[in-house]
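One letter stands for each residue in the lines below.
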Amino acid sequence: MKKLLTLLVLAGISCSALAQQKASYREFTEAYTTYPFSDPDPIPAKPKLYPYFRFDGFTSKAVRKKWKVVELENDYIKVKIMPEIGGKVWTAYDKVNKKHFLYNNEVVKFRDIAMRGPWVSGGIEANYGIIGHTPNSATPVDYKVITKEDGSVSCIVSVLDLLTRTRWVLDINLEKDKGYFTTRSYWFNQTGMEQPYYTWMNAGGPAGDDLKFLYPGDHYIGHDGKAHNWPEDAQGRDLSLYSENDFKGSKSYHVLGAYSKYFGALWKDQDYGMIRYSNRGDKLGKKIFLWAQSGQGKIWENLLTDNSGQYVELQSGRLYNQNVDQSSETPFKQIGFTPYANDSWKEYWYPFGNINGFTHANSTGAFNISLNQTRLDLQLSPVKSYSGHMVLLDKKGHEVHKEAIEIEPLHPYEKSIKVPENAELQFIQIGDDRIDLSAASQKTLSRPVSTPAEFDAGSYYGLYLMGRDYYNFRKYPLAEKTIKASLEGNAYFVPSLVEMAKIKYFKMEYDSAFYYSKKALSIDTYNGGANYLYGLSADKTARFYDALDGYEVAALTPQNRNAAYTRLGHLYFKKNNLARAEEYATLALDDHSRNMDALQVLYVLARLKGDMAKMAALEKRIVALNPLSHFVRFEHYFQTGSEKSRTDFTALIRNEMPVETYLEMAIWYGNLGRADESVALLELAPKNALTLYWLSFRSDDKDRADKYFQEAEKMPLDYVFPFREETATMLEQLRSKRNSWKVNYLLALVHAFKNNKEKSNALLNETEVKFAPYYIIKERVDEGADIKTRLAYLDKAMKLAPGQWRYKILYSKLLEKSGSIDRSIAVLEKQYRKTPDNYVAGLDLTRLYMKNDEYAKAEAVLSRIRVLPFEGATDSRRYYRQTKLMLAYKAYKKGQYKKALQKLEESEAWPENLGVGKPYQSMIDSNLENSMRVYIYQKLKDKEHGQQYRDLLTKEPVNEAGLKAKIEQISFKEDEYLF
């Protein structure tokens, strides 16, 4: 009786504790020591980054800045999110063990690492679109914090990616009774064209000599797709140990080759770690990034934090690697994001500790399991509560042992179990989760990691594969050139014809797109891709029945069916055939239940029919996928017109470029022929030239159209970068009726982005425009102009914006190209005197001094410049080395041997102000320096020192007559951004 009473009391305490558990959130501002970024580039970017712009201003001077913070919390963990810094998870804290289980950067220190420049380390950063840290990684995103029906709390972050016109939604969720948090991605392509496909989650963890990476696999591949052994390399180093990576430079390991659903990190001295877990098919890519452990990497510790120490990156991706061009020569190529497709996946992030190591992980927690013939020793760091049974199963799934178990998040559980003889134990089941005890060798995969040497990458098929990947890398000119080469090898190779049709459609050359797709159909009438592009291009060229034909035949092919049905729905909606529009939108949704475009189309159709019940059902489905749906909130406003619904809609559009959100929505409605909704959105949008031109275009009333047009003509064009094909159509129609250099300029920007330089140039024919970027673009696209004419364009830009340093650099480079090196130097000298903190100008001036044999002046600049580098930059150190070596060489030729030796010694220094850390000595080639020392000591008749440096040579000494040429070759190539 007494035992029963005790059990009842304990059960009551347990139930009471569970009842008290809750998850909460709070929004607040918190002051951080911040190293801000600044200086946005007013020049329209090159196509790979356009329509975004870079920020080039970075500083070593800190300020205190308040940042908006969202914090999710339960009894076990806290998660901090920064919606004004890309919506990143800033850090996560284990309340039980009182430790951060993600890297916690105590300062906000922006440095030039992302594709747009500014980036900060730590936490978890979500990336979608194209390779590189996402364009929104340092700027505000849309967000919303909610409490769900199950008692969990979520911070939903989202933004429209302009590079791909796709929207990503990240639900960062904390349940009330779990020791993990989850991130659920929903990413959708609401365009009619294939888009680049790239998505990686980038988590930070503290570096340390006791750090072990928990990455099952037998190979790793690089960004180039080339395979290497994992974890032990050819030299016998265990690369899964941080301490054994103390060689060479920074490292990227994309680990593969084993069937595994997790990866993580263990800090062995602390018996503490973190795990990222998901269904394996959701995230194939498992990457580790390490800064070099030499000075080359340590410099980035100081650049990216003050006192939080060095960090490592643990990353998960949908594809096996973050692939660059060379990867397309391996099995690890690129895929595209299909029109109107969506992707969704869920990841678990949690800490573990106090289990004396690690062997397995799942959504129950992290395990350390030891099994022999007669005994199972199990230690578990759980992340969820469970009261029930642990069941041991054999290979056939038959029960071997069963016993009661009660666990609580982040409180370690330990058990030793006697295993029956010959049991062939394979699984441990706790609740719905299983641990597979199969040996690692049984989980090794057979997937090829190299391409046969016999495969001809230069064949028409090889060129097609490369051109296809270039398209999905946003390298459109290269894609066109490569596909053209493929068709020269085989003019009727259908995949290349389809790819060329896609390229021509992107370039807005719709007749050509129709031609190539039609040519493909002359070979294969049922080809799905050819039919789909035939339908798209027919639609753009007013061939209504050809468009229907193309889409209907494309729908025979499963991979094109969803997009074809969606486009048919659009086509009929524009023709006001609402019944057929509903039929095809429903078919699209039947084919892809999460097709956001089809859901929205059906909602609008239900509204037009007054079907409130269907509207409510569709709204529920839309919000389940995207709780931050701007579409739903706009529809509420459009239907009611109330001030509250207007505020509810506009208040949550708080990303860096809100006007683009309004434009995307307005264009979507416009594509359906819904002018009223489109105009309502444009009237709510922040006013700029583009929204006003759109209003003029949409207005049926001539007086209103004129009014909006005149307003647009008065608006500035700074940072107005149109890129959509629908905008090009609108601008083309406006210019057919009105004369405006602004309209022509904006249309020229779209054509320049689409690689239609000739069309772009033809639009820029004004000579008295008072807007500097006009002439920068003119100089860029006027490929037939001579140097004198191009200089005149840049000269106009400089006179219109004398304070803009970028124009001076462009002008200086063109002067240099023309052979006017002295004038080129004079331009940059004047600029650098004005802005001595501008290390971009300072380095370019240094390079010109070197080129003009003015090395003493180069040395002077390098002695006082302070470079805050971009990732991978080495120009400053190479300039420094070349300058010191040339000064040493000049002194040597003059017989000033002491000075020559001094400059040689200086050439081997790695001054911190240059922003480049010293690599391991084994990576430094000092053959040039030591060759010069050998010659100097020969002149000094000092055989002992001469032999000392001859012994240090790793190869034959540089010929004395070739010293100068070798020195001049050091900086023959300038740095380029990695991505």
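All values reported here derive from a predicted model rather than from experimental measurement.

Definitions and cut-offs
- Residues numbered from 1 in each chain as written.
- Predicted model: local features only at pLDDT ≥ 70, side-chain atom pairs only at ≥ 80, totals over all residues.
- Heavy atoms only, no water.
- Salt bridge = Lys/Arg side-chain N within 4 Å of Asp/Glu carboxyl O.
- Helix = DSSP H or I, 4+ residues; strand = E, 2+ residues; numbered from the N terminus.
- Buried < 20%, exposed > 50% of the residue type's maximum accessible area, 1.4 Å probe, protein only.
- Core = buried A, V, L, I, M, F, W, Y, C linked by side-chain atoms within 4.5 Å.
- Contact = heavy atoms within 4.5 Å.
- Phe/Tyr/Trp six-rings, centres within 6.5 Å; stacked < 30°, edge-to-face > 60°.
- Pairing = 2+ DSSP bridges.
- Axes fitted to C-alpha atoms, helices over the stretch in contact; angles between N-to-C directions.
- UniProt positions renumbered as here; feature names shortened; annotations may be inferred.
- Expected span 1.5 Å × (residues − 1).
- Polar contact = N/O pair within 3.5 Å; in protein donor to acceptor, adjacent residues only side chain to side chain.
- Parallel < 35°, antiparallel > 145°, perpendicular 65-115°, else oblique.
- Left-handed = near helix turned anticlockwise from the far one by under 90°.
- Nonpolar A, V, L, I, M, F, W, Y, C, P; charged D, E, K, R; others polar.
- Patch = residues over 30% accessible without salt bridge, like charges linked within 9 Å, V, L, I, M, F, W, Y side chains within 5 Å.
- Areas by Shrake-Rupley, 256 points an atom, 1.4 Å probe, with all protein chains shown as cover.
- Lys, Arg positive; Asp, Glu negative; His and termini not counted.
- Charge placed at Lys NZ, Arg CZ, Asp CG, Glu CD.

K.L.:
Can you walk me through the pattern of salt bridges in this structure?
P.N.:
When the charged atoms of two side chains lie near each other, side chains of opposite charge can form a pair. Throughout the structure, instances matching the rule amount to 68 salt bridges. In this structure, Asp41 engages Arg806 in a salt bridge whose closest nitrogen and oxygen atoms are separated by 3.4 Å. Highlighted residues: Asp41 in the loop between strand S2 (38-40) and strand S3 (55-57) and Arg806 in helix H24 (residues 805-818), separated in sequence by 765 residues. Each member of the pair, Asp41 together with Arg806, is buried.

K.L.:
Can you walk me through the nonpolar core in this structure?
P.N.:
One finds Phe634, Tyr693, Tyr745 and Leu746 to be the most contacted residues of the largest nonpolar core, which totals 151 residues. Residues contacting Tyr693, with those up to four places away along its chain left out, are Phe709, Ala712, Glu713, Met730, Leu734, Ser740, Lys742, Val743 and Leu746. With 69 residues, the next largest nonpolar core counts Ile81, Trp230, Phe337 and Ile355 among its residues.

K.L.:
Which parts of the structure should I look at to understand the packing of aromatic side chains?
P.N.:
Each aromatic ring pair is specified by the distance between its two centres and by the angle formed by the two planes. Evaluated as defined, the whole model comprises 67 aromatic pairs. Seen in terms of ring centroids, Tyr180 and Tyr348 are 4.9 Å apart; in terms of plane orientation they differ by 80°. Their pairing is edge-to-face. In this pair, Tyr180 sits in the loop between strand S14 (166-174) and strand S15 (181-189) while Tyr348 sits in strand S27 (residues 342-353), placing the two residues 168 residues apart along the sequence. Assessed through its relative accessible area of 5%, Tyr180 is described here as buried.

K.L.:
Help me out: how do you make sense of the sheet that holds strand S22 (residues 262-267) in this one?
P.N.:
One key point about sheets: their strands pair by backbone hydrogen bonds, in either a parallel or an antiparallel sense. An order of S12-S13-S14-S15-S27-S23-S22-S18 is seen for the 8 strands of this open sheet, with the pairing classed as antiparallel. Pairing within the sheet leaves two strands with one partner each, and these edge strands are strand S12 (142-147) and strand S18 (211-214). This sheet shows a mean twist of 15° between the axes of neighbouring strands, independent of strand direction. Where S18 lies against S22, 4 bridges are found, and the strand directions are antiparallel. Bridge assignment links Leu211 to a residue of S22, and that residue is Trp267.

K.L.:
What is the right way to read the side chain of Arg607 from this model?
P.N.:
When you line up the elements, Arg607 lands in helix H11 (residues 596-609). Arg607 sits in the buried class, given a relative accessible area of 14%. Apart from the residues within four sequence positions on either side, Arg607 is in contact with Met615, Glu635, Phe638, Gln639, Tyr669, Arg674 and Glu677.

K.L.:
Honestly, the sheet that holds strand S35 (residues 433-436) in this entry has me stumped. Any pointers?
P.N.:
A sheet is described by the order of its strands in space; here 4 strands give the open sequence S32-S31-S34-S35, paired in antiparallel fashion. Taken across any chain shown, the strands that pair with only one partner, and hence form the sheet edges, are strand S32 (399-407) and S35. Across the sheet, the mean angle from the axis of one strand to that of its neighbour is 20°, orientation sign disregarded. Pairing geometry for strand S31 (residues 386-394) and S32, over 8 bridges, is antiparallel. Within S32, the residue paired with Tyr386 across the bridge is Ile407.

K.L.:
What's the story with the UniProt feature "domain: DUF5107" (unreviewed entry) in the chain in this structure? I'm lost.
P.N.:
Per the UniProt record, "domain: DUF5107" (unreviewed entry) is annotated on residues 48-351. Here residues 48-351 runs as 3% helix and 46% strand, with 38 Å between its end C-alpha atoms.

K.L.:
Just to check I follow, could you spell out unusual backbone geometry for this structure?
P.N.:
Excluding glycine, residues mostly carry a negative phi; peptide bonds, for their part, are mostly trans. Geometrically, the link from Tyr50 to Pro51 is a cis peptide bond, its omega value of 15° lying close to zero. Mapping Pro51 onto the fold places it in the loop between S2 and S3. Backbone torsion omega between Trp230 and Pro231 reads 0°, so that peptide bond is classified as cis. Within the secondary structure layout, Pro231 lies in the loop between strand S20 (227-229) and strand S21 (251-256). Although it is not a glycine, Asn422 sits at a positive phi angle of roughly 60°. With respect to the helices, strands and loops of the structure, Asn422 is situated in the loop between strand S33 (413-418) and strand S34 (425-430). A positive phi angle, close to 65°, is found at Asn755, a residue other than glycine. On the secondary structure map, Asn755 appears in the loop between helix H20 (741-753) and helix H21 (757-763). The partly exposed category is assigned to Asn755, whose relative accessible area is 24%.

K.L.:
Would you mind showing me how to read H24 here?
P.N.:
One full turn of an α-helix is made of 3.6 residues, so residues set three or four places apart face in the same direction. Under the 1.5 Å per step criterion, the end-to-end length of H24 is 20 Å for 14 residues, consistent within 8% with the ideal 20 Å. Counting buried residues in H24 gives 10 out of 14 residues, a clear majority hidden from the surface. Within H24 the residues assigned to the buried category are Trp805, Arg806, Tyr807, Lys808, Ile809, Tyr811, Ser812, Leu814, Leu815 and Glu816. Check the buried side of H24 and you find it contacts S2, S3, helix H22 (772-781), helix H23 (787-800), helix H25 (821-834) and helix H26 (839-851). Backbone geometry just downstream of H24 places Gly819 in the positive-phi region, at approximately 95°.

K.L.:
Sorry, what's going on with the environment of Asn202 here?
P.N.:
Note on placement: Asn202 falls in strand S17 (residues 199-206). Relative accessible area serves as the criterion here: at 4%, Asn202 is assigned to the buried category. Sequence separation between Asn202 and Leu843 is 641 residues, and the spatial gap between their C-alpha atoms is 32 Å. Residues in contact with Asn202, not counting those within four places in the same chain, are Trp119, Gly123, Ile124, Glu125, Asn127, His133, Glu313, Leu314 and Gln315. One polar contact links Asn202 to Glu313, side chain to side chain, over a distance of 3.3 Å.

K.L.:
Could you clarify how one ought to interpret the side chain of Asn245 in this entry?
P.N.:
Along the chain, Asn245 falls in the loop between S20 and S21. Once you skip the residues sitting within four places of it in the chain, Asn245 turns out to touch Leu239, Lys251, Tyr253, Leu290 and Gln293.

K.L.:
It is not clear to me how the environment of Gly222 should be interpreted in this structure. Could you clarify?
P.N.:
Position of Gly222 among the secondary structure elements: in the loop between strand S19 (219-221) and S20. With relative accessibility at 10%, the residue Gly222 sits in the buried group. In the structure, Gly222 is positioned 105 residues away from Ser327 in sequence and 8.3 Å away in space, judged by C-alpha atoms. Excluding residues that lie within four positions of it along the chain, Gly222 makes contacts with Ser252, His254 and Asn321.

K.L.:
Looking at this structure, I do not really get the packing of helix H3 (residues 460-472) against helix H5 (residues 494-506). What am I missing?
P.N.:
Contact geometry of H3 with H5 gives a least axis separation of 10 Å together with a crossing angle of 25°. Taken as axis vectors, H3 and H5 run roughly parallel relative to one another. H3 and H5 meet at a crossing whose hand is left-handed. Along its contact with H3, which presents Tyr460, Tyr464, Arg468 and Tyr471, the element H5 presents Pro495, Ser496, Glu499, Lys502, Ile503 and Phe506. Class assignment for the residues of the contact of H3 with H5 results in 6 nonpolar, 1 polar and 3 charged.

K.L.:
What am I meant to see in a negative patch on the surface here?
P.N.:
Negative charge collects at one region of the surface, where Asp676, Asp700, Asp701 and Asp703 lie side by side. Checked against the element boundaries, Asp700 lands in the loop between helix H17 (689-698) and helix H18 (702-714).

K.L.:
Would you mind showing me how to read the pairing of strand S5 (residues 77-82) here?
P.N.:
When a strand is regular, its side chains alternate between the sheet's two faces. Counting buried positions along S5 gives 5 out of 6 residues, so the element sits mostly inside the fold. As defined by bridge partners, strand S4 (residues 63-73) adjoins S5 across 4 bridges and the pair is classed as antiparallel. Bridge pairing in S5 links Leu72 to Val79. As consecutive antiparallel partners, S4 and S5 are separated by 3 residues. In this structure, S5 lies alongside strand S6 (residues 88-94), joined through 6 bridges in antiparallel fashion. Paired with Lys80 across the two strands is Thr91, which belongs to S6. Counted along the chain from S5 to the antiparallel partner S6, the turn is 5 residues long, and its residue Gly86 has a positive phi close to 75°.

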